[in-house]
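# Observations on chain architecture
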Amino acid sequence: MRKYILLLFLFCYSLTATCQSPSTYYSSEIFQQIKKLNVLASVLYVAAHPDDENNALLPYFAKEKLYRTAYLSLTRGDGGQNLIGDEQGIELGLIRTQELLAARRIDGAEQYFSRAYEFGYSKSAAEALRIWDREKILSDVVWVIRKYQPDVIIKRFPPDKRAGHGHHAASSILAQEAFTAAADPAKFPEQFKYGVKPWQAKRILWNTYNFGGNNTTGEDQLKIDIGGYNPLIGESYGELGGEARTMHKSQGEGRPRRRGESYEYFVTTGGEAPKNDLMDGIVTDWKRIPGGESIEVMINAIISNYNIAEPKLSVPALVKLYKAIKALPEGNWRNKKLGEVQNIIMECSALYVEATSSQPNVVQGGTLSINFNLNKREDVNASLKNIRVENFDSAFSISLPTNQNVDVTKTLPVADDKKISQPYWLVYPLKGGTFDVRDQTLIGKAWNDPSFEASFLVNIDGEDFIIKRPVQYRYIDPVKGDTYQPIPVLPKVELKYNKDNYISINGSPAISSLSVKSNSGEDLSKYNIEENVSGKWKKNEKVIQNDASPILSRNIVSGFTPLSKSENEKDELNAEAKKGNVIYDSYTKVIAYNHIPTITYFPKAQANLVKLDIKIVGKKIGYIVGAGDKVPEALEAMGYEVTTLAQADITHENLKKFDAIVTGIRAYNLLEYLSDKNDVFMRYVKNGGNMIVQYMKSNRVGDKDITVGPYPFKISSGSRITEEDAKVNFLLPKNSALNYPNKITEKDFDGWIQERSTYQAVQLDPHYVTPLGMHDTDEDQSNGSLAIAKHGKGNFVYASLVFFRQLPAGVPGAYRLMANLIALPKNK
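Residues numbered from 1 in each chain as written. Predicted model: local features only at pLDDT ≥ 70, side-chain atom pairs only at ≥ 80, totals over all residues. Heavy atoms only, no water.

## Some thoughts on the overall build of the protein
Applicable threshold: Every helix listed is a DSSP run of H or I at least four residues long, and every strand listed is a run of E at least two residues long, numbered separately from the N terminus. In this scheme, a residue with accessible area under 20% of its type's maximum is buried, one over 50% is exposed, and one in between is partly exposed, where area comes from a 1.4 Å probe on protein chains only. Throughout, a residue-residue contact means that at least one pair of heavy atoms, one from each residue, lies within 4.5 Å. To measure how exposed things are, a 1.4 Å probe is used in the Shrake-Rupley method; for residues, cover is taken only from the protein chains shown. Two residue types count as positive, namely Lys and Arg, and two as negative, namely Asp and Glu; His and chain ends fall outside the count. Lysine's charge is taken at NZ, arginine's at CZ, aspartate's at CG and glutamate's at CD.
The helix and strand tally for the protein stands at 18 helices and 46 strands. In the protein, which comprises 828 residues, the proportion classed as buried is 58%. For the protein, long-range pairs separated by at least 24 residues make up 75% of all intrachain contacts whose partners lie at least 6 apart in sequence. Total accessible area on the protein stands at roughly 33,900 Å², and carbon and sulfur atoms take up 48% of it. Measuring between centres, the 101 positive side-chain charges of the protein sit 2 Å from its 97 negative side-chain charges.

Written out as structure tokens, the structure is:
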């Protein structure tokens, strides 16, 4: 049997993570890739979150020094805030993962992750390592090092409080430990059966910094100017870094394209310290591979003879180089450079290959129509021999004509048991602070492999190559033009509750609505639909379905009456469809933004049943939406009438009809006009209205100071309560916020998630009162989580309590406290 070499196009795999047409390269970029063939050196950069990476340094390594460069982010950024939508938790992690991949497509680095879940701001590395399970995440970092085999490891942060975040410090601690552990055959030996071996990097360094008022750089450190200009790509590394950084749009990380000198500093924390260069003492050319000296000679000849106007002329020499590298002993660098040469051969041949469909998705047991397209855009010696995908295998013998499309169309059956396109780290439920990934080979991967992948066997200059392409949905968008998206596999049946929370108010039934849909056309009467909840609820249901046959949809409306005598509690409600041993228990969720590919994942069919003993006073709420805001839905579930307000709605006359005005999180940091309207808001308060401002990140909007409230106060980015179970002290137990119309007790702070309070108020004018005090472990008490000021007949509230997390999560006490703030009584 003839042995074929697998051609892994670097850019073809990026297609599963781009919403643009497949990548092509300028001749100057191809020339730079050829030059990179002579560099056998690698760097692994390690930090905690998306947007922790040094975005100017990575392109300097990848495109100036031509090192193989990668970023290992321990988390996917799940616990942050979202400035572009209302996704939180794992959904935000999905977005931020794709934002990192978008940044990597700009700076040329690779992207890896551990199994750590970003559970929110942490003040200590000890807390982060405990919640993550230190040994588990250490094993992940070791695994990535053993697979990637970096010459140099670089940490972004120090291992102490200077890091500014417990996750940051923990990433430094784990990277340092992994530097040694990866070389120890006694550490995590279970990994060796998957093909890795112990690996000792030459050195590990800390990339010191000067930001956030913390200057850790020094002239006695290794100093590198990374501000140079690269004429082959037409940009400096500061410009590339600004473009890459700006891909972190959910975090509001837009940055300028910087030009000119820019210095980075490094301190060695393990291994032999470099004197002049990061790669001191490391063989970075072909001499590091036995028999490699002749390879370097061949590459230099290709570089010397490269014709910028006709890259195709280099194809014969590149094919000879490919054969010479293939003859070398198996090894990390041999395999990596073999893939790079293969990639360059395709680029110089101007061979365009794609596999697309007009279907945006496919269902288990359905069919997928695929169009395979090839175009040999230059006159090179190339022919198509075979196309394979799933259960389709076709043999050809086609000499590809120059600059003509060769199309093959095939409709394929999709297996009944084809896996749905769930991101691999979400297949099993989260376990504490880590994702439950049970396949060792998946750990570290940024994203799933494509659901369908086509293999094209192509012969170029007498050598066979297998070109792999993801099968993508291709369509013409009237604004974007030619657009490519991943094709997800959907389940045959899906179930979805139409709300996250169903509330029983004062003992009344909580009314749920469950939608069941057949994606495959199979009759739902063949399935047993079950709703599961604890014995604390009595259920009555009504099934609504169409009269057509087969039955393709059902809507099940259920009333759940609480049986428990407790005043406030929350239970989980979930649903599943069963047929024999087959169970469906999820629904399709699509997340779409222009700067990243469309994301499809499958949340469980579940909701919260909330038993709530609550009184509300006032009915009409005017709401100004902030960033990532689901609070309006929660207010409506409590029984309020919520009207969303735009700039034009904020007038003296219009505000009179509302009992309270509420602004969403960060609204003042996003909307400059809110400061301009402060006199309107304060007249509303003075005349008897209540205004609640949810947390602001700072006292600035753009380059201007924020004007908010009747009396001055400041926002502290460092004053926050990150322990969700921190004890809450009632400093003013008789204050109306804690008594009217609902009596607030310590139980109302049970069951909170992720944190208590963020960006608290400080330097408060004496007119403000602060009813609550709280603190994290080993810290002094702070009282800026809730600040209330009387103004005229009404009240102004600054609430850094994280209602935006608690209300969507169905936390009963958060509902009751919010109702009290809305109902603050008028002043005489």
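## Regarding the pattern of salt bridges
The condition is simple: For this analysis, a salt bridge means a side-chain nitrogen from Lys or Arg found within 4 Å of a carboxyl oxygen belonging to Asp or Glu.
Using the criterion set out here, one finds 47 salt bridges in the structure. In this structure, the salt-bridge partner of Glu-253 is Arg-255, at a minimum N-O distance of 2.7 Å. By relative accessible area, which is 12% here, Glu-253 ends up buried. Classification of Arg-255 as partly exposed rests on a relative accessible area of 38%. Between Lys-704 and Glu-672 there is a salt bridge, and its shortest N-O distance comes to 2.6 Å. You can see Lys-704 sitting in strand β39 (residues 704-705) and its partner Glu-672 sitting in helix α15 (residues 672-676), a full 32 residues away along the chain.

## So, the environment of Ala-726
By the secondary structure assignment, Ala-726 is in the loop between β40 (714-715) and β41 (728-730). Along the sequence, Ala-726 and His-775 sit 49 residues apart, while their C-alpha atoms lie 6.4 Å from each other. When sequence neighbours within four positions are dropped, the list of residues in contact with Ala-726 reads Ile-721, Arg-756, His-775 and Asp-776.

## Structural notes on the pairing of strand β33 (residues 606-612)
For a regular strand, side-chain orientation follows a simple rule: the groups alternate between the two sheet faces. Under the convention used in this document: Two strands pair under a simple rule: DSSP has to find at least two bridges between them.
β33 sits mainly inside the fold: six of its seven residues count as buried. When strand β29 (residues 569-579) meets β33, the two strands line up antiparallel, connected through six bridges. Bridged to Leu-573 within β33 is Ala-607.

## Quick word on the sheet that holds strand β43 (residues 768-769)
The pairing of strands in a sheet comes from backbone hydrogen bonds and takes either a parallel or an antiparallel form. Under the convention used in this document: Axes here mean lines fitted to C-alpha atoms, for a helix over just the part in contact, with angles spanning 0 to 180 degrees between N-to-C directions.
Pairing within the open sheet is mixed, and its seven strands lie in the order β35-β34-β36-β37-β46-β45-β43. With one partner strand each, in any of the chains shown, β35 (641-644) and β43 form the two edges of the open sheet. Relative to strand β37 (residues 690-694), strand β36 (residues 660-663) runs parallel, the two being bridged by four bridges. Counted as the bridge partner of Val-662 is Ile-692 from β37. The strands touched by helix α18 (residues 812-822) within the sheet are β34 (620-624), β36, β37, β45 (786-791) and β46 (794-799), with β37 carrying the most contacts at an inclination of about 135°.

## Details of the side chain of Arg-805
Heads up, the condition is: Within 3.5 Å is the distance limit for a polar contact, defined as a pair of N or O atoms, with the added protein rule that one can donate a hydrogen and the other accept it, and that residues adjacent in sequence qualify only through two side-chain atoms.
Checked against the element boundaries, Arg-805 lands in helix α17 (residues 803-806). At 3.0 Å, the side chain of Arg-805 and the backbone oxygen of Gly-79 are in polar contact. Aside from chain neighbours lying at most four places away, what touches Arg-805 is Gly-79, Gly-80, Gln-81, Gln-88, Ile-753, Gln-754 and Glu-755.

## Looking at the pairing of strand β15 (residues 367-376)
Among the ten residues of β15, seven are classified as buried, and the element is accordingly described as predominantly covered. The pairing of strand β13 (residues 351-357) with β15 spans six bridges and is antiparallel. Bridge assignment links Glu-354 to a residue of β15, and that residue is Asn-373. The pairing of β15 with strand β18 (residues 405-413) spans nine bridges and is antiparallel.

## What about the side chain of Glu-723?
With respect to the element layout, Glu-723 can be found in the loop between β40 and β41. Despite its burial, Glu-723 pairs with no opposite charge, the nearest such side chain being Arg-130 at 6.7 Å. Setting aside residues up to four positions removed in sequence, Glu-723 forms contacts with Glu-127, Arg-756, Asp-776 and Thr-777.

## Observations regarding helix α3 (residues 57-64)
Most of α3 is tucked away, with seven of its eight residues classed as buried. Within α3, burial applies to Leu-57, Leu-58, Pro-59, Tyr-60, Phe-61, Ala-62 and Lys-63. Taken from the residues just after α3, Leu-66 is the one with a positive phi, measuring 65°.

## Side note on the packing of aromatic side chains
For clarity, the cut-off: Think of it this way: a Phe, Tyr or Trp ring, Trp meaning its six-membered ring, pairs with another when their centres are within 6.5 Å, and the plane angle makes it stacked under 30 degrees, edge-to-face over 60, tilted otherwise.
Tallied over the full model, the rule gives 29 aromatic pairs. Centroid distance Phe-61 to Tyr-67: 5.9 Å. Interplanar angle 35°. Geometry classified as tilted. Here Phe-61 and Tyr-67 have matching classes, each one buried. Here Tyr-209 and Phe-211 contribute two aromatic rings whose centre-to-centre distance is 4.4 Å and whose plane-to-plane angle is 20°, an arrangement assigned as stacked. Judged by relative accessible area, which is 41%, Phe-211 ranks as partly exposed.

## Considerations on the packing of helix α6 (residues 134-148) against helix α7 (residues 166-181)
As a reminder, the rule being used: These descriptions rest on fixed angle ranges, namely under 35 degrees for roughly parallel, over 145 for roughly antiparallel, 65 to 115 for roughly perpendicular, and the rest for oblique. Take the far helix as your reference; a near helix turned counterclockwise from it by less than a right angle gives a left-handed crossing, and one turned clockwise gives a right-handed crossing. Just so you know the grouping, Ala, Val, Leu, Ile, Met, Phe, Trp, Tyr, Cys and Pro go in nonpolar, Asp, Glu, Lys and Arg go in charged, and all remaining residues, Gly too, go in polar.
α7 packs onto α6 with a crossing angle of 55° between their chain directions and a minimal axis gap of 9 Å. By the angle between their axes, α6 is oblique relative to α7. As for how α6 packs across α7, the hand of that crossing is right-handed. Along the contact surface, α6 presents Arg-134, Ile-137, Leu-138, Val-141, Val-142, Ile-145 and Arg-146, while α7 presents Ile-173, Leu-174, Glu-177, Ala-178, Phe-179 and Ala-181. Tallied by class, the residues present in the contact of α6 with α7 amount to ten nonpolar, no polar and three charged.

## Examining the confidence of the model for the protein
Rule in force here: pLDDT is defined as a per-residue confidence score from the predictor, taking values between 0 and 100.
Of the residues in the protein, 97% have a pLDDT of 70 or more, and the chain-wide mean is 93. Counted against residues more than four places away or in other chains, residues 1-20, with its pLDDT under 50, gives 72 contacts.

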